[in-house]
Amino acid sequence: MSYKFIDLFAGIGGFRLGFEKYGFKCVFSSEIDKHAQEMYYENFGDMPFGDITKIKVQDIPKFDILSGGFPCQPFSIAGEKKGFNDTRGTLFFDIARILEYHKPKVVVLENVKHFKDHDKGKTLQIVLQTLEQLGYSTSWQVLNAKDFGVPQNRERTIIIGFYNKTKFDFLNLEKKQNIKISDILENDNNNFEYLDELEYTIIKTPKKQISGLTFVGYRNKKIRKNGVRKNTEHLSRVHKQPNRIYSSEGTHPTLSSQEPTGRYFIYHKKRVRKLTLKECYRLMGFPDKFKKIGTNAKQYNRVGNSIVVPMVEEIAKQIKCQFFNQKYELNYQPKQLNLFDPVN
Ligand SMILES: C[S@@+](CC[C@H](N)C(=O)[O-])C[C@H]1O[C@@H](n2cnc3c(N)ncnc32)[C@H](O)[C@@H]1O
């Protein structure tokens, strides 16, 4: 039996790739950004519906799972514990009204790590209260992409609700051993953008941080002025994010949704170069065959906005086991088995 899901705030389809891998079928998607819609269409053959606020619940077909990485917005009414009504005027309200009408079995939501602290924790509380009010047993956790087979330190708040059933158990998620940036790099590409040695400084004793990142140096740009003491130039925080250089033997920092020029620099084989766009998609767990269209600037924004695919795959697999009591079967063709194509 194939369970159906809807892909809200679909972006370029990170949720969709993950759920489809475990045999779930997408029956509806919504995304407001034109470029994301076009990329989604290129890859899945469905053009997402636009603005979710304009979509009538009756026009959405029946489905079992609602997924969505929704934008984080403050709720206007504070602490009155009204749940659903507190959410009016936000995009979460649109999720709630769809849940209220369709009562799908499962809801999976994604947001940035700091969603849990947004408005002193009130935003998360209202979301959880609303879901409970609508009949969902909810649980949430901050998950890190690096635990799911990609070398990126990307923490995200994940909220899962099961309709009228015991909560999703995050402890059952199978975590993978961390891999390094060098494990996902392209081998040969005549267009690698190397920096000249005069353009950067490598520090003497780089240390691997708890996060898995190894800050090795910086581009020779102006450093932050405020609060910078003498002889602290080797500290990563002194340098703006786009000027920091990380070792390919560690984890990469979070790709940003606001970095249209892709200023991600790595130290690899004793040289400094920019990550390629293809490598950025690999850091998000997208297969090499994923079609990329539009300007580089748009693509950098889209990839930084997305959800990490292997993390969704693990969530989809666990939903299949925990909610639907089914052993998971892989629903993808052998040629797609490798996360990355062997030939670059
Ligand atoms: C954090 S991103 C989610 C990305 C997605 N999970 C992916 O894998 O690419 C949030 C998305 O919501 C979309 N969005 C914002 N407002 C919307 C609206 N009113 N209706 C539909 N989509 C909207 C944005 O364009 C953005 O792509």
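Quick caveat, the model's predicted, so the values are computed rather than measured.

What follows is about the site of the ligand. Around the ligand, the surrounding shell holds 20 residues, and the nearest of these are G14, E31, D51, I52 and R302. At 3.0 Å, a backbone N or O of I52 approaches a nitrogen atom of the ligand. The contact in question runs from an oxygen atom of the ligand to an N or O atom on the backbone of I307, over 3.4 Å. Contact with the protein chains removes 87% of the 600 Å² of surface that the ligand exposes when unbound. Its residues assigned to classes, the shell around the ligand shows eight nonpolar, eight polar and four charged.

You can see R263 is positioned in the loop between β9 (244-247) and β10 (265-268). Taking relative accessible area as the criterion, R263 reaches 36% and is therefore assigned partly exposed. For the pair formed by R263 and P242, sequence separation is 21 residues and the distance between their alpha carbons is 5.4 Å. Discounting residues that sit within four places of it in the chain, R263 has contacts with R219, P242 and K274. At 3.1 Å, the side chain of R263 and the side chain of E259 are in polar contact. Reaching out from R263, the side chain makes a polar contact with the side chain of T261 at a distance of 3.3 Å.

What follows concerns the packing of aromatic side chains. Note on aromatic pairs: each is described by the distance of the centres and the angle between the planes. Throughout the structure, instances matching the rule amount to 19 aromatic pairs. Here the aromatic rings of F19 and F24 are separated by 5.3 Å at their centres, their planes lie at 75 degrees, and the arrangement is edge-to-face. The pair F19 / F24 is uniform in exposure class, with both members buried. What links up through ring pairs into an aromatic cluster is the set Y3, F5, F15, F19, F24, F162, F168, F170, F323 and F324. Its end group placed over the ring of F323, K165 keeps NZ or CZ at 4.7 Å from the ring centre. Over the face of the ring belonging to F24 we find K320, whose NZ or CZ atom lies 5.4 Å from the ring centre.

Remark: helix α1 (residues 14-21) packs on helix α7 (residues 309-322), axes separated minimally by 8 Å, with the N-to-C direction vectors making an angle of 45 degrees. Relative to α7, the element α1 is oriented oblique. Seen from above, α1 lies across α7 with right-handed handedness. Of the residues in α7, those in contact with G14, F15, L17, G18, F19 and K21 of α1 are V309, V312, E313, A316 and I319. A per-class count over the contact of α1 with α7 returns seven nonpolar, two polar and two charged.

This part is about helix α3 (residues 91-102). In an α-helix, one full turn covers 3.6 residues, which means residues spaced three or four apart are oriented alike. The end-to-end C-alpha distance of α3 is 17 Å, a good match for the 16 Å that twelve residues give at a rise of 1.5 Å each. Of all twelve residues in α3, ten are buried, a share of seventy percent or more. What α3 keeps buried is the set L91, F92, F93, D94, I95, A96, R97, I98, L99 and H102. Those residues of α3 that are buried lie in contact with β1 (4-8), β3 (65-69), β4 (106-112), α4 (122-133) and β5 (136-144). Immediately beyond the C-terminal end of α3, within one or two residues, lies K103, with a positive phi of roughly 45 degrees.

Criteria and cut-off values
Residues numbered from 1 in each chain as written. Predicted model: local features only at pLDDT ≥ 70, side-chain atom pairs only at ≥ 80, totals over all residues. Heavy atoms only, no water. Near = heavy atom within 4 Å. Polar contact = N/O pair within 3.5 Å; in protein donor to acceptor, adjacent residues only side chain to side chain. Areas by Shrake-Rupley, 256 points an atom, 1.4 Å probe, with all protein chains shown as cover. Nonpolar A, V, L, I, M, F, W, Y, C, P; charged D, E, K, R; others polar. Helix = DSSP H or I, 4+ residues; strand = E, 2+ residues; numbered from the N terminus. Buried < 20%, exposed > 50% of the residue type's maximum accessible area, 1.4 Å probe, protein only. Contact = heavy atoms within 4.5 Å. Phe/Tyr/Trp six-rings, centres within 6.5 Å; stacked < 30°, edge-to-face > 60°. Lys NZ or Arg CZ within 6 Å of the ring centre and 35° of its normal. Axes fitted to C-alpha atoms, helices over the stretch in contact; angles between N-to-C directions. Parallel < 35°, antiparallel > 145°, perpendicular 65-115°, else oblique. Left-handed = near helix turned anticlockwise from the far one by under 90°. Expected span 1.5 Å × (residues − 1).

Function-wise, these values are silent; they only describe arrangement.
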